[in-house]
Protein chains: 4
Amino acid sequence: MNTIGTLLRCTTWGESHGVSIGAVLDGCPAGLEIQHTDIEKELERDIPDIALGIPRREPNDFRILSGVYNGITVGTPICIEIPNRQQRSSDYDGIKHCYRPGHAEHTYHKRYGVYNSTGGRASGRVSISFLAAGVFSKKLLSGVGIGFESKLEELAGIRCRNGKDLDEARKKCMEIGGNGDSTGGIVSLKIMGVPAGVGTPVFGKLNSLIMYALSSIGGVKGVECGMGFEAARMTGLEHNDGYLTDGSGIKLESNNCGGTLGGISTGTDLYFRLAVKPTPSIQLPQKSVDWMKEQQEEIKLNGRFDINFAPRVGPLAEALASLVLADQMMISGYISPSKASGGSKGGI
Amino acid sequence: MNTIGTLLRCTTWGESHGVSIGAVLDGCPAGLEIQHTDIEKELERDIPDIALGIPRREPNDFRILSGVYNGITVGTPICIEIPNRQQRSSDYDGIKHCYRPGHAEHTYHKRYGVYNSTGGRASGRVSISFLAAGVFSKKLLSGVGIGFESKLEELAGIRCRNGKDLDEARKKCMEIGGNGDSTGGIVSLKIMGVPAGVGTPVFGKLNSLIMYALSSIGGVKGVECGMGFEAARMTGLEHNDGYLTDGSGIKLESNNCGGTLGGISTGTDLYFRLAVKPTPSIQLPQKSVDWMKEQQEEIKLNGRFDINFAPRVGPLAEALASLVLADQMMISGYISPSKASGGSKGGI
Amino acid sequence: MNTIGTLLRCTTWGESHGVSIGAVLDGCPAGLEIQHTDIEKELERDIPDIALGIPRREPNDFRILSGVYNGITVGTPICIEIPNRQQRSSDYDGIKHCYRPGHAEHTYHKRYGVYNSTGGRASGRVSISFLAAGVFSKKLLSGVGIGFESKLEELAGIRCRNGKDLDEARKKCMEIGGNGDSTGGIVSLKIMGVPAGVGTPVFGKLNSLIMYALSSIGGVKGVECGMGFEAARMTGLEHNDGYLTDGSGIKLESNNCGGTLGGISTGTDLYFRLAVKPTPSIQLPQKSVDWMKEQQEEIKLNGRFDINFAPRVGPLAEALASLVLADQMMISGYISPSKASGGSKGGI
Amino acid sequence: MNTIGTLLRCTTWGESHGVSIGAVLDGCPAGLEIQHTDIEKELERDIPDIALGIPRREPNDFRILSGVYNGITVGTPICIEIPNRQQRSSDYDGIKHCYRPGHAEHTYHKRYGVYNSTGGRASGRVSISFLAAGVFSKKLLSGVGIGFESKLEELAGIRCRNGKDLDEARKKCMEIGGNGDSTGGIVSLKIMGVPAGVGTPVFGKLNSLIMYALSSIGGVKGVECGMGFEAARMTGLEHNDGYLTDGSGIKLESNNCGGTLGGISTGTDLYFRLAVKPTPSIQLPQKSVDWMKEQQEEIKLNGRFDINFAPRVGPLAEALASLVLADQMMISGYISPSKASGGSKGGI
């Protein structure tokens, strides 16, 4: 179940402590131009917010193993590999048999019967593969006029409406982080340029498929579309978006619906909001259990952790939403499943 | 895309103005005992809240066309048909070519190129098929000790913490409804008894699949798991659920996570909240467009509409979540995909 | 697993001894014109060969429960129901706990733990649902110039090259059938008008998907494409189809490949052959076991059986191949997944 | 569409002229022990028959990038990469814009609009990824007593019943190959130890899914199950397999059905036969077209080609059938989808 999509299918693989991490993107139309730098640039977005005090890491290397020749996709599966350079698990040595609260060692252990002290597929590191695959889907969509914009809406409970707010929010995150604790935040995602008529109800609703993809990002605890929970407090007259025409097409006069009605796009921007939980890795004492001894333990993690990973969620939200949307654009007949526009007939 | 599930697959069909509505449930293990009254009782839950002033409708008839003999499933696809008794579309006659705000005629028209003035698959009526199919998945789950509980948490912005609150909320809904407008609400869903170890990351996360199913219910604009958006305002120490043991098993000391970590169940209750938008059908003037004439129109709907459909969402949430959960219990090896416990070897 | 297809998905349900049999066709583009008589005519093809001495049965009734209004598909799932008029299982009474050789009671019993003495989903009756669904896919394909032709190639070991051969073959079948035994045959399927470029290797090869669908017909024991097993005895020079051009397009000079290379259509006719086993229902003594008593028994079936069901396989082969092909034509971008050509924008 | 399977999913990627070829196996239960040498040994089976005059190649390198630690699977996707050491496409230089008869450049070109002169995914080289993935599924099956045996039944039209026949057949292949032409053959596959009750009709029939997988092997033009085309010439009495019991279980007295009835396993050996076409690469003049100039050409390929690739098909048939069968064993409840038997609870 590491595959998402119907015509455009992204399969991801790799653990944070293994040889490498990667994705296979199957069903990408031929003829799409992709430069090495397109991917480089996107992978660099997976950096913590420097203003949050977390230093820039070294850039990620990657290799395209198949599907792209001379910078052009050929229609076959695209495999991208991103090596794990540092596979040190020594940070975890002292707590090897203790489940870390808020992490997934316990549940993975129960699911597969094999214990893995370093997070495995639940590590944030794994999501780098989404970014790599998303380069292709975003480019496909950009070819038909669709763009993405993700924003940090809230950090540690402080709305980031302007630069001053953001400074204040960062300061609060730094303070809490300095004490060994962590914070969360809220991220918004806007998708512009989606034509009316995309989506396949009742179990391929565009909003639902995107909400599913967004909720697959580690640590996302809630997803809203349009007015979200606020809609529950509005009246029908307030919430309904009226229709307008000037004789040259039909438009919605507002966008409370967030871009879909009945699971199909309306032609307005798609709009989502995501709740990101506080980083579970904290440097304070926590109640744990040593599963080998079945014995209560107090653990305190050492190492460098993101004190707030909400800033990393925006690019992931764009990537995953773009994979779902490109797939649905194919299924709804708006993107050719065979040949990207501008596809060359020449040799490779 | 009217099918949900991998091993347990539910395909729904039918429009509100057609002959009938139904579901095909494929992959249901053999040997499950289902009485006619089990289904009858569940279909009766699809009634508006009487205290909200909406009268009880006549009960839904249904027929089991296949897959169940002498009250026992035999492993083949189960088809249930629920006839549409009243297919009057006269209520809509005056507004036949005008898109109703908040409804899906516009988007369906754009998607399929065919205009349908009565809602088609976007009608609430269609979701009766989820209830019918959910009877089987809920029974499968009840056989392994799993139960469901949905609650109205909020109506028209008023929290329904007790009977007095609820009375007040209903009164507000009635008032607003009496003026021809409508209201929404918030519904919670608790699933009890799920063992630790269910779910298949990274694209088969238990929480994500359930959130996807819940967001497929018409009018749901947001879904939370555990602390949801509140989690974004907590610190890691506050949000993390510690582990406890008394030597006879391992437990979480709290349930902020809402029942999953890394997309796999923790053994605590699953907990979700859904935002339900106000009913789009209102009896007030609204801006619309006659798409045939491409001309601005003001429309006012006549007829009887639910003034708040949040009370109908709880049973649907249970049904859809149970379909996803039963499927994942099979995939994770907790329910046999072939034979329900107690399956008889006798003739049918 | 009663669903076939990716964008065009056919789900079938129903047992020969249940209320009815049917299919849900999901993903059929809107705007396809379907007359009641289109379906009637196709269902009438499911008759035994009269010259084989098996009388015409009464025509099958059917109801379209959803997805088609005023003779036009609207893009929603199409559910067709075909009632079972005679559900007599008395023919089997004497042998109720004995597995019939060549039938599937034994394997179904092992699979689901429930015993069903009348064949269940393995009955030939069930395949009537394929015919009903195939009406839509064949019409979709006929709209883009694709036609189907199935032929009886061989009956009871006698090649049916002309009318005289066929008479001889039928006579042999009648003779063997008259003695209570049964015979089989070979059926060919030709699909004309498929453009070059359809199919999605390596696990969506057009030939493989069709061969899979054809081998899903009950009693089919072998499937060939192009020269089939004969190809294994040819040399490369003999088998390869050369390319020709007269300056206005590129063609194959022969069609040994049977219409695909590398799993993608070549532009030549698709050509398949199917081996149909002799009817397992025979009126001669056979070795069986009473599974309740775990005791050896000799059984002799009574009733009227097709003495050769090869003539019924041709229409089924057309139907199933058309479902696969229409789906692949959508996936390869040759048929719109949303709107059938000629789709009306008018009301329904 | 480069993925096969439902619970056990194999996605393959890579072209013969790219960086590497590989497979991602998702859904493999945790706790399966896999040695480096297990894979090495299987990859070495992809060698031409030395007695057919084709020299042994250097062994294939490979890397396991994820999913296996300390020789044990952990339940996460397993990615295996096999580098392409020699990516010379110079052999094809002279014929760069000419479609090779019997190859797939023409159809790939039509499908994707991009021309690729060296075969891409249609190359036999690509199938090495099936062998790598099959190591895991075969080991899973061997853990429950299931074994595979593939045999060369016929080469160049000569039955290989014994060593003398085989010598004669090889001699004929060498002769024809020496003249620049090529030959084909017939391969059989026997699967032993499958319990009764595996398979999921009507579109997940065990025989059909395996036939589909086998027909996905490049160059396979026909697939039979059990008596195959011979069944079409038998009577019901001859073909039906009677049931026997000695009081301790129920058995079939023969195996004409080839191991399935109604798409579900009977408990007897599964038996298939595959027709392999002659190698399309031959060193004789053939009619081709230069698609750039749209001009008739005669081409003659240079280089070293397998003069008969039937010997390479056996291991591929085993691998693909094992992927399908292991998946179906999970779906039918005979193999745990979570934990391989013997799965260790220890750390990794």
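Residues numbered from 1 in each chain as written. Chains lettered and ligands numbered in written order. Predicted model: local features only at pLDDT ≥ 70, side-chain atom pairs only at ≥ 80, totals over all residues. Heavy atoms only, no water.

Chain A appears in an unreviewed UniProt entry as Chorismate synthase from Anaerobacterium chartisolvens. Among the UniProt annotations of chain A, the heading Catalytic activity (unreviewed entry) holds the following wording: "5-O-(1-carboxyvinyl)-3-phosphoshikimate = chorismate + phosphate". Word for word, the UniProt comment on chain A under Sequence similarities (unreviewed entry) is "Belongs to the chorismate synthase family." (UniProt positions renumbered as here; feature names shortened; annotations may be inferred.)

Caption draft 1: Inspection of the relation of the copies chain A and chain B at higher detail. Mapping chain A onto chain B is achieved by rotating through 180° and translating by 0.0 Å along the same axis, at an RMSD of 0.0 Å. Both copies are brought into coincidence by an operation consistent with a two-fold rotation axis. The C-alpha atom lying nearest the rotation axis in chain A is that of A:Tyr212; the distance is 2.4 Å. When the interface residues of chain A are mapped onto chain B, 100% of them are again interface residues, pointing to one common binding face. (Least-squares fit on C-alpha atoms with pLDDT ≥ 70 in both. Contact = heavy atoms within 4.5 Å.)

Caption draft 2: Expanded view of helix 7 (residues 310-331) of chain A. All names here are of chain A. Taking 1.5 Å as the rise per residue, helix 7 with 22 residues should run 32 Å; its terminal C-alpha atoms sit 32 Å apart, in good agreement. Counting buried positions over the 22 residues of helix 7 gives 22, a clear majority of the element. Two residues or fewer after helix 7 comes Gly-333, characterised by a positive phi angle close to 85°. (Helix = DSSP H or I, 4+ residues; strand = E, 2+ residues; numbered from the N terminus. Expected span 1.5 Å × (residues − 1). Buried < 20%, exposed > 50% of the residue type's maximum accessible area, 1.4 Å probe, protein only.)

Caption draft 3: Layout of the environment of A:Thr3. By the element assignment, A:Thr3 lies in strand 1 (residues 3-4). Look at A:Thr3 and you get partly exposed, because its relative accessible area is 23%. For the pair formed by A:Thr3 and A:Ala23, sequence separation is 20 residues and the distance between their alpha carbons is 9.4 Å. Ignoring anything within four residues of it in the chain, the contact list for A:Thr3 reads A:Arg9, A:Cys10, A:Thr11, B:Phe203 and D:Asp26. Here the side chain of A:Thr3 touches A:Thr11 through a polar contact of 2.7 Å, side chain to side chain. (Polar contact = N/O pair within 3.5 Å; in protein donor to acceptor, adjacent residues only side chain to side chain.)

Caption draft 4: Representation of the side chain of D:Asn2. Along the chain, D:Asn2 falls in the segment before strand 1 (3-4). Judged by its relative accessible area of 2%, D:Asn2 is buried. A polar contact of 2.7 Å, which involves the side chain of D:Asn2, links it to the side chain of D:Arg121. If sequence neighbours within four positions are ignored, D:Asn2 has contacts with A:Arg9, A:Asp26, A:Pro77, C:Pro201, C:Val202, C:Phe203, D:Cys10, D:Thr11, D:Thr12 and D:Arg121.

Caption draft 5: Seen up close, the interface of chain B and chain D. The partner chain D presents 8 residues to the 8 residues of chain B that form the contact. Looking only at chain B, the three residues that lose the most surface to chain D are B:Leu7, B:Ile331 and B:Pro337, adding up to 50% of its buried area. Between the two partners, chain B and chain D, sit 0 salt bridges. Where chain B packs against chain D, one counts 2 residue pairs in polar contact (both at pLDDT 80 or more). The class makeup of the residues in the side of chain B that touches chain D is 4 nonpolar, 4 polar and no charged. (Buried area = accessible area lost by both parts, 1.4 Å probe. Salt bridge = Lys/Arg side-chain N within 4 Å of Asp/Glu carboxyl O. Nonpolar A, V, L, I, M, F, W, Y, C, P; charged D, E, K, R; others polar.)

Caption draft 6: A look at the relation of the copies chain B and chain D. Mapping chain B onto chain D calls for a screw motion: a turn of 180° about the axis and a shift of 0.0 Å along it, with 0.0 Å RMSD after fitting. Most of the interface of chain B is mirrored in chain D, where 100% of its interface residues are also at the interface.

Caption draft 7: Representation of the environment of C:Asn179. Residue and element names in this part refer to chain C. With respect to the element layout, Asn-179 can be found in the loop between helix 4 (163-178) and strand 10 (185-192). Under the relative-accessibility criterion, Asn-179 is labelled exposed at 59%. Considered as a pair, Asn-179 and Ile-282 are 103 residues apart in the sequence and their alpha carbons are 9.3 Å apart.

Caption draft 8: Focus on the packing of aromatic side chains. Going through the model one piece at a time under the given rule, you end up with 24 aromatic pairs over all chains. Clustering of aromatic rings is evident, with ring pairs tying together A:Tyr99, A:Tyr115, A:Trp291 and B:Tyr243. (Phe/Tyr/Trp six-rings, centres within 6.5 Å; stacked < 30°, edge-to-face > 60°.)

Caption draft 9: Structural detail: the state of the cysteines. All names here are of chain A. This model, assessed by the stated rule, comprises 0 disulfides over all chains. Sulfur of Cys-10: no disulfide; nearest cysteine sulfur belongs to Cys-79 and is 10 Å away. Cys-10 sits in the buried class, given a relative accessible area of 0%. Not part of a disulfide, Cys-173 finds its nearest cysteine sulfur in Cys-160, a span of 7.9 Å. (Disulfide = S-S within 2.5 Å.)

Caption draft 10: Looking closely at the pattern of salt bridges. This model, assessed by the stated rule, comprises 66 salt bridges over all chains. For the salt bridge of B:Lys138 with B:Glu42, the shortest nitrogen-to-oxygen distance reads 3.4 Å. Of the two residues, B:Lys138 sits in helix 3 (residues 128-142) while B:Glu42 sits in helix 1 (residues 36-44), which places them 96 residues apart along the sequence. On the basis of relative accessible area, B:Lys138 is assigned to the buried category, the value being 15%. The class for B:Glu42 is buried, based on a relative accessible area of 11%. Notably, a salt bridge pairs C:Glu81 with B:Arg63, separated by 3.0 Å at the nearest N-O pair. You can see C:Glu81 sitting in strand 7 (residues 78-83) and its partner B:Arg63 sitting in strand 4 (residues 63-66), one on each of two chains. The exposure class of B:Arg63 is partly exposed, given its relative accessible area of 34%. Via salt bridges that share partners, A:Glu42, A:Arg45, A:Lys138 and A:Glu318 belong to a single interconnected network.

Caption draft 11: The arrangement of the sheet that holds strand 7 (residues 78-83) of chain D in detail. Residue and element names in this part refer to chain D. Strand order in the open sheet formed by 5 strands is 1-2-3-7-4, with antiparallel pairing between adjacent strands. Edge positions in the sheet fall to strand 1 and strand 4 (63-66), since each of these pairs with one other strand and no more. Note: strand 2 (residues 9-13) against strand 3 (residues 20-26), 5 bridges, orientation antiparallel. By the bridge assignment, Trp-13 is partnered in strand 3 with Gly-22. Against the sheet, helix 3 (residues 128-142) contacts strand 2, strand 3 and strand 7, and its axis sits at roughly 30° relative to strand 3. (Pairing = 2+ DSSP bridges. Axes fitted to C-alpha atoms, helices over the stretch in contact; angles between N-to-C directions.)

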